[in-house]
Amino acid sequence: MSDALIVVTLLLVAASATAAVVQRDPARQALVLSVLGVVLAALFTVLQAPDVGLSQLAVGAALTPLLIMLSVRRIRRRRTSDEDGTR
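In every chain, residue numbers begin from 1 and rise along the written sequence. Totals for whole chains, interfaces and linings use all residues, but because this is a predicted model, local features are given only for residues with pLDDT of at least 70 and pairs of side-chain atoms are given and counted only at 80 or more. Think of the side-chain values as coming from all heavy atoms in the structure, minus any hydrogens and water.

The protein chain has the name Hydrogenase subunit MbhD domain-containing protein in an unreviewed UniProt entry, where Streptomyces sp. 900105245 is given as its organism. UniProt positions are given in the numbering used here, feature names are shortened, and annotations may be inferred rather than shown by experiment. The Subcellular location (unreviewed entry) field of the UniProt record for the protein chain holds the comment "Cell membrane".

Asks: Explain the overall build of the protein chain to me, please; I cannot follow it from the model alone.
Replies: For the protein chain, the helix and strand inventory stands at 3 helices and 0 strands. Seen in sequence order, the protein chain has helices and strands lined up from the N terminus as α-α-α. The quantity called the radius of gyration is restricted to C-alpha atoms. Its globule counterpart is 2.2 Å times the number of residues to the power 0.38. In summary, the protein chain has a C-alpha radius of gyration of 17 Å against a globular reference of 12 Å for 87 residues, an excess of more than 25%. To sort residues, take the accessible area from a 1.4 Å probe on protein chains only and compare it with the maximum for the residue type: under 20% means buried, over 50% means exposed, and anything in between is partly exposed. Residue burial in the protein chain is summarised as follows: out of 87 residues, 24% are buried. At a minimum sequence separation of 6, the contacts of the protein chain that also span at least 24 residues come to 53%. Working note: accessible area of the protein chain is about 6300 Å², and carbon and sulfur atoms make up 66% of it. Distance from the positive charge centre (9 side chains) to the negative charge centre (6 side chains) of the protein chain: 9 Å. Secondary structure elements are defined from DSSP: runs of H or I of at least 4 residues count as helices, runs of E of at least 2 residues count as strands, and each element is numbered from the N terminus. Contacts between residues were defined by any pair of non-hydrogen atoms, one from each residue, lying within 4.5 Å. Areas reported here follow the Shrake-Rupley algorithm with a probe of radius 1.4 Å; residue values treat only the protein chains shown as occluding. Residues counted as positive are Lys and Arg, residues counted as negative are Asp and Glu, and His and the chain ends are not counted. Taken as the charge location is NZ of Lys, CZ of Arg, CG of Asp or CD of Glu.

Asks: For this particular structure, what's the right way to read the UniProt feature "domain: MrpA C-terminal/MbhD" (unreviewed entry) in the protein chain?
Replies: Under the feature "domain: MrpA C-terminal/MbhD" (unreviewed entry), the UniProt entry names residues 11–77. A helix fraction of 91% and a strand fraction of 0% characterise residues 11–77, whose end C-alpha atoms lie 37 Å from each other.

Asks: Just checking my understanding: could you explain helix 2 (residues 26–46) for this structure?
Replies: Because each turn of an α-helix spans 3.6 residues, side chains separated by three or four positions end up pointing in the same direction. Here the expected length of a helix is defined as 1.5 Å per residue gap, with one fewer gap than residues. For helix 2, spanning 21 residues, the distance from its first C-alpha to its last is 30 Å, which sits close to the expected 30 Å at 1.5 Å a residue. Restricting attention to buried positions, one finds in helix 2 the residues Ala27, Ala30, Val32, Ser34, Leu36, Gly37, Val39, Ala41 and Leu43. In the core, the buried residues of helix 2 are packed alongside helix 1 (2–22) and helix 3 (50–84). One or two positions beyond helix 2, positive phi appears at Gln48, with a value near 65°.

Asks: Explanation requested: helix 1 in the structure shown.
Replies: End to end, helix 1 covers 30 Å across 21 residues, agreeing with the expected 30 Å (1.5 Å per residue, within 8%). Within helix 1, burial applies to Thr9, Val13, Ser16 and Ala20. In an axial view of helix 1, the angular spread of the buried residues amounts to 75°, which keeps them on one side of the axis. Opposite the packed face of helix 1, turned more than 90 degrees from it, sit the exposed residues Asp3, Leu11, Val21 and Val22. The inward-facing, buried residues of helix 1 contact helix 2. This arc corresponds to the set of directions leading from the helix axis out to the C-beta atoms.

Listed below in structure tokens is the structure:
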């Protein structure tokens, strides 16, 4: 049973990593990266490393996508203000 669970989570990791690479929009890429973080946390938990899984959940699924989304928002806001001629 555990071998099948490991294979399933590895397939989910591969699928979500591929989906993150395929995305062209940085905002969507950050959301898919968050899903990848959750799936990696599940993989670490299945591999009996719950402490690493919790760290991955905090950093990979929450903090990193949040920072990317804030950066994208700031860049888009700056781009629109530069196009309008306001600053």
